[in-house]
Amino acid sequence: MSLVAEAFVSQIAAAEPWPENATLYQQLKGEQILLSDNAGSLAVQAFLQMCNLPIKVVCRANAEYMSPSGKVPFIHVGNQVVSELGPIVQFVKAKGHSLSDGLDEVQKAEMKAYMELVNNMLLTAELYLQWCDEATVGEITHARYGSPYPWPLNHILAYQKQWEVKRKMKAIGWGNKTLDQVLEDVDQCCQALSQRLGTQPYFFNKQPTELDALVFGHLFTILTTQLTNDELCEKVKNYSNLLAFCRRIEQRYFEDRGKGSSSIRSS
Amino acid sequence: MAAPLELSCWGGGWGLPSVHSESLVVMAYAKFSGAPLKVNVIDNTWRGSRGDVPILTTEDNIVSQPAKILNFLRKQKYNADYELSAKQGADTLAYIALIEEKLLPAVLHTFWVESDNYFTVTKPWFASQIPFPLSLILPGRMSKGALNRILLTRGEPPLYHLREVEAQIYRDAKECLNLLSNRLGTSQFFFGDTPSTLDAYVFGFLAPLYKVHFPKVQLQEHLKQLSNLCRFCDDILNSYFRLSLGGISPAGQETVDANLQKLTQLVNKESNLIEKMDDNLRQSPQLPPRKLPTLKLTPAEEESNSLQRLSP
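In this text, all values refer to a predicted model and were calculated from it rather than measured experimentally.

Reading the values: rules and limits
- Residues numbered from 1 in each chain as written.
- Chains lettered and ligands numbered in written order.
- Predicted model: local features only at pLDDT ≥ 70, side-chain atom pairs only at ≥ 80, totals over all residues.
- Heavy atoms only, no water.
- Core = buried A, V, L, I, M, F, W, Y, C linked by side-chain atoms within 4.5 Å.
- Buried < 20%, exposed > 50% of the residue type's maximum accessible area, 1.4 Å probe, protein only.
- Domains from an automatic or database assignment.
- Contact = heavy atoms within 4.5 Å.
- Pairing = 2+ DSSP bridges.
- Helix = DSSP H or I, 4+ residues; strand = E, 2+ residues; numbered from the N terminus.
- Right-handed = clockwise from strand over helix to strand, strands pointing away.
- Axes fitted to C-alpha atoms, helices over the stretch in contact; angles between N-to-C directions.
- UniProt positions renumbered as here; feature names shortened; annotations may be inferred.
- Buried area = accessible area lost by both parts, 1.4 Å probe.
- Salt bridge = Lys/Arg side-chain N within 4 Å of Asp/Glu carboxyl O.
- Expected span 1.5 Å × (residues − 1).
- Arc of directions from axis to C-beta.
- Phe/Tyr/Trp six-rings, centres within 6.5 Å; stacked < 30°, edge-to-face > 60°.
- Nonpolar A, V, L, I, M, F, W, Y, C, P; charged D, E, K, R; others polar.

*Asks:* What is the right way to read the nonpolar core from this model?
*Replies:* Note on soluble globular proteins: their nonpolar side chains tend to be buried together. Among the nonpolar cores identified, the biggest contains 164 residues, and Trp18(A), Ile75(A) and Phe203(B) are the most heavily contacted of them. Here this core spans two domains, since at least three of its residues come from each of domain 1 (3-95) and domain 2 (105-259) of chain A. In contact with Phe203(B), other than residues within four places in its own chain, are Leu24(B), Ala28(B), Pro208(B), Phe232(B), Cys233(B), Ile236(B), Leu237(B) and Phe241(B). Among the nonpolar cores identified, the runner-up in size contains 5 residues, and Tyr25(A), Ala63(A), Val72(A) and Phe74(A) belong to it.

Shown next as structure tokens:
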């Protein structure tokens, strides 16, 4: 969105309270959604739960095309549509709910830096694994991505998306990386997160912030999704404080709502 | 003198040892960790356009990207992060990711995509470093690569438009600069009093933005308002790159000194020779002065004789 449109939207957003019928759109959970999109969607859900804002999850096969920026998930609140965690956090802040108000400037800088680290390394690694690793692509991704569509559209869309993702990987320099190098990067990222978390309950001690939501979304999805090889999962399992962190957030924010999201299988 | 570690990178200008961000990161890290690095300014390579510069060559291997080069240097025991705690190491990774995601697109845009800047500053400079005919092709390629990267990481599929993205990336970059400034505060380096990897990265990305003179300068103006970041860059330039302020690398300085030495030696030898010849002349058996009455020479002949005596 251009700057003017964004300013306009936040003005309007500030005027109305959070409605009861806010909805979050993502792809079909059982058959279509992929690892990276699921992670994003879970992160947004966790964030909204932490802010105590009610949200209903709706699954649509064409969620990616409905979204204003082409990325899922997106939320439909009142008569505005906002996609991706960053803009959603700002939108929610304009409505007066924020998780990071208690942080000082240095901590806010750190939080933003760690969110970028997760996006830069974990998300890119997930995309790489899904779209550039031949085994996973053949067995899982192609089948899932095109599943709602009839032949030959399912193949065409899957190949188109794969080509796009590969282009992006090449532009940022990940095109020549092997799977082992990618897994090593994931390990480094998890190590950094684990060291930052230490023995605290959340990243910024007592209260969860959007960073916690984002990390939870990614790690939980990695831990509970079955892929052709389990190495990604194993890398995360090496860090016990991250496992405890995911369990803690799941118990506090998801289990009492009855959302049993602990059994996501992708095949 | 054998130089085991050689770095090939783009050259310098405007008071910087190198104008290319990634090369500068590696050079700064080498200075901080004390690695003996011999810098080769490259001028003729296709690798630059594939983003492979800077390149570190040792006897056995060739390492190419900044992250890998820094890892390699660390394994060789040139470690600038020795005194950092685990948490600070994690912070380093996070801030580097922040710089790459938020600041790099805008820096790329300022250097390579913004037409005024590109055609008046960047392209002539790189073209002057690259011999003809590559100078016609390479800068264009690098510019397209930069544009591609910006659009693919920030643009929206399926139609990628630059204008929508421009405002966004500059806003993100300014925010990132503010965050870095907040984090630095009043301390000398990011983690206490000794520089580390993060300082190398921040310096590498900020210094070209700070020093190179551009016609379109919105990001530079913003940076100049953050005085602690400017002070940070100037400090590092003054303390670690003092010899190279004229654009000559330390290795270059040494060869200049050696040449100077050779020249002085030659001049000394010459003057010694001249002295010797002079001495010989003085010590050679002198003919007795002509007695004027005995040999009646005309005054003209006398003069020519005396002239002949004096000339060598």
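After presenting the structure, the write-up continues.
*Asks:* How should I be thinking about the pairing of strand S2 (residues 56-59) of chain A in this particular structure?
*Replies:* Residues in a regular strand project their side chains so that they alternate between the two faces of the sheet. All names here are of chain A. Where strand S1 (residues 23-26) lies against S2, 4 bridges are found, and the strand directions are parallel. Its bridge partner lying in S2, Gln 26 is registered against Cys 59. In this region the chain leaves S1, passes through helix H2 (residues 35-50) and returns to the parallel neighbour S2; the handedness of that crossover is right-handed.

*Asks:* Explain the sheet that holds S2(A) to me, please; I cannot follow it from the model alone.
*Replies:* Hydrogen bonding along the main chain pairs the strands of a sheet, whether they run parallel or antiparallel. All names here are of chain A. Sheet architecture is open: 4 strands sit in the order S2-S1-S3-S4, paired in mixed fashion. Since the sheet does not close on itself, it has two edges, and those belong to S2 and strand S4 (80-83), each with one partner. Pairwise comparison of adjacent strand axes, ignoring direction, gives a mean angle of 25 degrees for this sheet. Of the strand pairs in this sheet, S1 and strand S3 (residues 74-77) are connected by 3 bridges, and their pairing is antiparallel. Bridged to Thr 23 within S3 is His 76. Relative to the sheet, H2 contacts S1, S2 and S3, its axis offset from that of S1 by approximately 165 degrees. On the sheet, helix H4 (residues 85-94) packs against S3 and S4 and is oriented at approximately 135 degrees with respect to S4.

*Asks:* Got a minute to help me understand the environment of Ser83(A) in this structure?
*Replies:* Residues and elements named next belong to chain A. Examined against the element boundaries, Ser 83 turns out to sit in strand S4. C-alpha separation for the pair Ser 83 and Pro 73, spaced 10 residues apart in sequence, amounts to 5.9 Å. Aside from chain neighbours lying at most four places away, what touches Ser 83 is Ser 67, Pro 68, Ser 69, Lys 71, Pro 73, Phe 74 and Ile 88.

*Asks:* What's the story with the UniProt feature "domain: Metaxin glutathione S-transferase" (unreviewed entry) in chain B in this structure? I'm lost.
*Replies:* Mapped onto the present numbering, the UniProt feature "domain: Metaxin glutathione S-transferase" (unreviewed entry) falls at residues 173-236 of chain B. Taken end to end, residues 173-236 of chain B is 70% helix and 0% strand, and its first and last C-alpha atoms sit 22 Å apart.

*Asks:* What is the right way to read the sheet that holds strand S4 (residues 62-63) of chain B from this model?
*Replies:* Residue and element names in this part refer to chain B. On the basis of which strands lie adjacent, the open sheet formed by 4 strands has the order S2-S1-S3-S4 and mixed pairing. Of all strands in the sheet, those bounded by a partner on one side alone are strand S2 (38-41) and S4. In terms of strand pairing, strand S1 (residues 6-9) meets S2 through 4 bridges, oriented parallel. Across the sheet, residue Glu 6 finds its bridge partner in S2, namely Lys 38.

*Asks:* Explain the domain arrangement of chain A here, please?
*Replies:* Interface size is commonly expressed as the accessible surface area that is lost when the partners come together. Residue and element names in this part refer to chain A. Here the domain parsing of chain A yields domain 1 (3-95) and domain 2 (105-259). The C-alpha centroid of domain 2 is placed 19 Å from the C-alpha centroid of domain 1. Every contact between the two is made by 26 residues of domain 1 and, on the other side, 34 residues of domain 2. Where domain 1 abuts domain 2, roughly 2500 Å² becomes buried across the two surfaces, and 64% of that area is made up of carbon and sulfur atoms. Of all residues in domain 1, Leu 35, Gln 49 and Met 50 give up the largest surface area on contact with domain 2, accounting jointly for 28% of the area buried on that side. Linking domain 1 to domain 2 there are 1 salt bridge.

*Asks:* How should helix H7 (residues 153-171) of chain A be read in this particular structure?
*Replies:* Structurally, the α-helix is built with 3.6 residues per turn, so residues lying three or four positions apart point the same way. Residues and elements named next belong to chain A. The end-to-end C-alpha separation of H7 is 27 Å, in line with the 27 Å expected for 19 residues at 1.5 Å each. Among all positions in H7, only Asn 154, Leu 157, Ala 158, Lys 161, Gln 162, Val 165 and Met 169 are buried. Taken around the axis of H7, the buried residues stretch over an arc of 130 degrees, which confines them to a single face. Turned more than 90 degrees away from the buried face of H7, the exposed residues are Tyr 159, Trp 163 and Lys 170. Contacts made by the buried residues of H7 are with helix H3 (63-66), helix H5 (105-131) and helix H6 (134-145). Directly beyond the C-terminal end of H7, a positive phi value near 90 degrees is found at Gly 173.

*Asks:* Is there a simple way to explain the packing of aromatic side chains in this structure?
*Replies:* A ring pair, where both rings are aromatic, is described by two values, the distance of the centres and the angle of the planes. Residues and elements named next belong to chain A. Under the counting rule described, the total for this entry stands at 13 aromatic pairs over all chains. Where Tyr 25 meets Phe 74, the ring centres are 5.1 Å apart and the plane angle is 15 degrees; that geometry is what we call stacked. Residue Tyr 25 is located in strand S1, and its partner Phe 74 is located in strand S3; the two are separated by 49 residues in the primary sequence. An identical accessibility class is assigned to Tyr 25 and Phe 74; each is buried.

*Asks:* Honestly, the interface of chain B and chain A in this entry has me stumped. Any pointers?
*Replies:* Taken together, the contact between chain B and chain A spans 27 residues of the former and 24 residues of the latter. For the pair chain B and chain A, the summed buried area comes to about 2600 Å², and 58% of that belongs to carbon and sulfur atoms. Summed over the shared surface of chain B and chain A, the result is 3 salt bridges. Where the side of chain B that touches chain A is concerned, the elements lending two or more residues are helix H3 (86-113), helix H5 (134-154) and helix H6 (162-184) of chain B. In the side of chain B that touches chain A, the residues fall into 12 nonpolar, 5 polar and 10 charged.

*Asks:* Sorry if this is basic, but what is going on with the side chain of Thr23(A) here?
*Replies:* Residue and element names in this part refer to chain A. Along the chain, Thr 23 turns up in strand S1. You can call Thr 23 buried: its relative accessible area is 8%. Other than its neighbours up to four places away in sequence, Thr 23 contacts Ile 55, Lys 56, Val 58, Phe 74, Ile 75 and His 76.

*Asks:* Just to check I follow, could you spell out the UniProt feature "domain: Metaxin glutathione S-transferase" (unreviewed entry) in chain A for this structure?
*Replies:* Sequence positions flagged by UniProt for "domain: Metaxin glutathione S-transferase" (unreviewed entry) are, in local numbering, residues 187-249 of chain A. Between the first and last C-alpha atoms of residues 187-249 of chain A the distance is 22 Å; the span itself is 68% helix and 0% strand.

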